[in-house]
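Spelled out, the chains give:
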Amino acid sequence: AQSVTQPDARVTVSEGASLQLRCKYSYSATPYLFWYVQYPRQGLQLLLKYYSGDPVVQGVNSFEAEFSKSNSSFHLQKASVHWSDSAVYFCALSLVTNAYKVIFGKGTHLHVLP
Amino acid sequence: DTTVKQNPRYKLARVGKPVNLICSQTMNHDTMYWYQKKPNQAPKLLLFYYDKILNREADTFEKFQSSRPNNSFCSLYIGSAGLEYSAMYLCASSRSQITGQLYFGEGSKLTVL
């Protein structure tokens, strides 16, 4: 069955530091991949998406993610975090054969120390 | 306007009683979803409507009902709440031509006592 694994439940970094949030997926083909973010007291919002082509995709607020087919991964990165980036980040995939179904990981709580 | 609204935001229900949660969107999206989110778990897809066609996940098929009286509204109905239904329920909508781009509401937190 298809699945998304986010191995880090919680990540703490200092403001200005670089960030990588890890995401691994399980699917026999190349899925569509997404990162969503949930700020406190808000709904989930799409941060970036990968459909095909260039494995590095850019998103809002200077986030980017890199797709690796060989590693079945889609890690999220940011060169310099701000305290306002503190939120829960969800990695997700949808299937090429059933694009309506979006499968989420458990999420990673990011805490940025000011 | 990219708003998805959910009501109520908080719901307290007794075991065995029905629960009805409401979702609305004004973006004219053709697809609407309901997810269940429990602490330390991934959002779990319960069902979705594409236009007027309801698709329910196999493992929750008999536990949840839904209706979509028009394009803007979608409800989630629990006929007899059990303790295991306590969770955050997330509604989302999307345009089917844009794969995976879901717009979420803030959620309805259901507590069953």
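One structure accompanies this document, and this report is about it. These figures come from a predicted structure and were not determined experimentally. Counting restarts for each chain, with residues numbered from 1 along the sequence as it is written. As a convention, the first chain written is A and the first ligand written is 1, with the rest following in written order. With the structure being a predicted model, the display of local features is reserved for residues of pLDDT at least 70 and the display and counting of side-chain atom pairs for 80 or more, all residues being used for whole-chain, interface and lining totals. Neither water nor hydrogens contribute to the side-chain values; these are computed over all heavy atoms in the structure.

**Some details on the overall build of chain B**
Note the cut-off: Each helix is a run of H or I in the DSSP string that is no shorter than four residues. Each strand is a run of E no shorter than two, and both are numbered from the N terminus. Every radius of gyration here is taken over C-alpha atoms, with the globule rule written as 2.2 Å times N^0.38, N being the number of residues. Exposure categories follow from relative accessible area, calculated using a 1.4 Å probe and restricted to protein chains: below 20% of the type maximum is buried, above 50% is exposed, and the middle band is partly exposed. Residue contacts are defined here by distance: any two heavy atoms, one from each residue, within 4.5 Å place the two residues in contact. A 1.4 Å probe and the Shrake-Rupley method give the accessible areas. Residues count as covered only by the protein chains that appear here.
On a plain count of helices and strands, chain B comes out with 0 helices and 11 strands. When the helices and strands of chain B are read in sequence order from the N terminus, they spell out β-β-β-β-β-β-β-β-β-β-β. At 13 Å, chain B has a C-alpha radius of gyration in line with the 13 Å of a compact globule built from 113 residues. A principal-axis box enclosing the C-alpha atoms of chain B has dimensions of 40 × 30 × 25 Å. Going through the 113 residues of chain B one by one, you find that 47% of them count as buried. Counting only contacts in chain B whose residues sit at least 6 apart along the sequence, the fraction spanning at least 24 positions is 58%. As presented, chain B carries roughly 5600 Å² of accessible surface, and 50% of it is formed by carbon and sulfur atoms.

**Notes on the overall build of chain A**
Looking only at helices and strands, chain A has 0 helices and 12 strands in total. The secondary structure elements of chain A, listed N-terminal to C-terminal, are β-β-β-β-β-β-β-β-β-β-β-β. Seen through its principal axes, chain A has C-alpha atoms that stretch 45 × 30 × 20 Å. Taking all 114 residues of chain A together, the buried fraction comes to 44%. Carbon and sulfur atoms make up 49% of the accessible area of chain A, which totals about 5500 Å².

**Topic: the state of the cysteines**
For clarity, the cut-off: In what follows, a disulfide is any cysteine sulfur pair within 2.5 Å.
All told, the structure shown has 2 disulfides over all chains when counted by the stated rule. A sulfur-sulfur distance of 2.0 Å marks the disulfide that ties Cys 23 of chain A to Cys 91 of chain A. With the S-S bond torsion at -70°, the cross-link from Cys 23 of chain A to Cys 91 of chain A turns out left-handed. Highlighted residues: Cys 23 of chain A in the loop between strand 3 (19-21) and strand 4 (24-26) and Cys 91 of chain A in strand 10 (residues 87-94), separated in sequence by 68 residues. The disulfide that involves Cys 23 of chain B links it to Cys 91 of chain B, with 1.9 Å between the sulfurs. Classification of the bridge connecting Cys 23 of chain B and Cys 91 of chain B rests on its S-S torsion, roughly -80°, and on that basis the disulfide is left-handed. Taken as a pair, Cys 23 of chain B in strand 3 (residues 19-25) and Cys 91 of chain B in strand 9 (residues 87-94) lie far apart in primary sequence, 68 residues in all. Cys 23 of chain B sits in the buried class, given a relative accessible area of 0%. Residue classification places Cys 91 of chain B among the buried positions, given a relative accessible area of 0%.

**Regarding the interface of chain A and chain B**
Selection criterion: What gets called buried area is simply the loss in accessible area from a 1.4 Å probe that two parts show on being joined, summed for both. Each salt bridge in this description consists of a side-chain nitrogen of Lys or Arg and a carboxyl oxygen of Asp or Glu lying within 4 Å of one another. What qualifies as a polar contact is a pair of N or O atoms within 3.5 Å, subject to a donor-acceptor requirement within protein and to the restriction that residues adjacent in sequence count only when both atoms come from side chains. For this scheme, ten residues count as nonpolar: Ala, Val, Leu, Ile, Met, Phe, Trp, Tyr, Cys and Pro. Four count as charged, namely Asp, Glu, Lys and Arg, and the remainder, Gly too, count as polar.
Every contact between the two is made by 19 residues of chain A and, on the other side, 22 residues of chain B. At the boundary of chain A with chain B, total buried surface from both sides reaches about 1700 Å², with 60% on carbon and sulfur atoms. Looking at the side of chain A facing chain B, the largest losses of area belong to Leu 44, Tyr 100 and Phe 104 of chain A, adding up to 36% of the total buried there. Linking chain A with chain B are 1 salt bridge, by the criterion used here. Glu 57 of chain B is the partner of Lys 101 of chain A in a salt bridge, and the nearest nitrogen-oxygen pair spans 2.7 Å. The tally of links from chain A across to chain B stands at 6 residue pairs in polar contact (both at pLDDT 80 or more). The set of elements that each furnish at least two residues to the side of chain A that touches chain B consists of strand 5 (32-38), strand 6 (45-50), strand 10 and strand 11 (102-104) of chain A. Take the side of chain A that touches chain B: its biggest share by element is 3 residues, from strand 5 of chain A. Of the residues contributing to the side of chain A that touches chain B, the split by class is 11 nonpolar, 4 polar and 4 charged.

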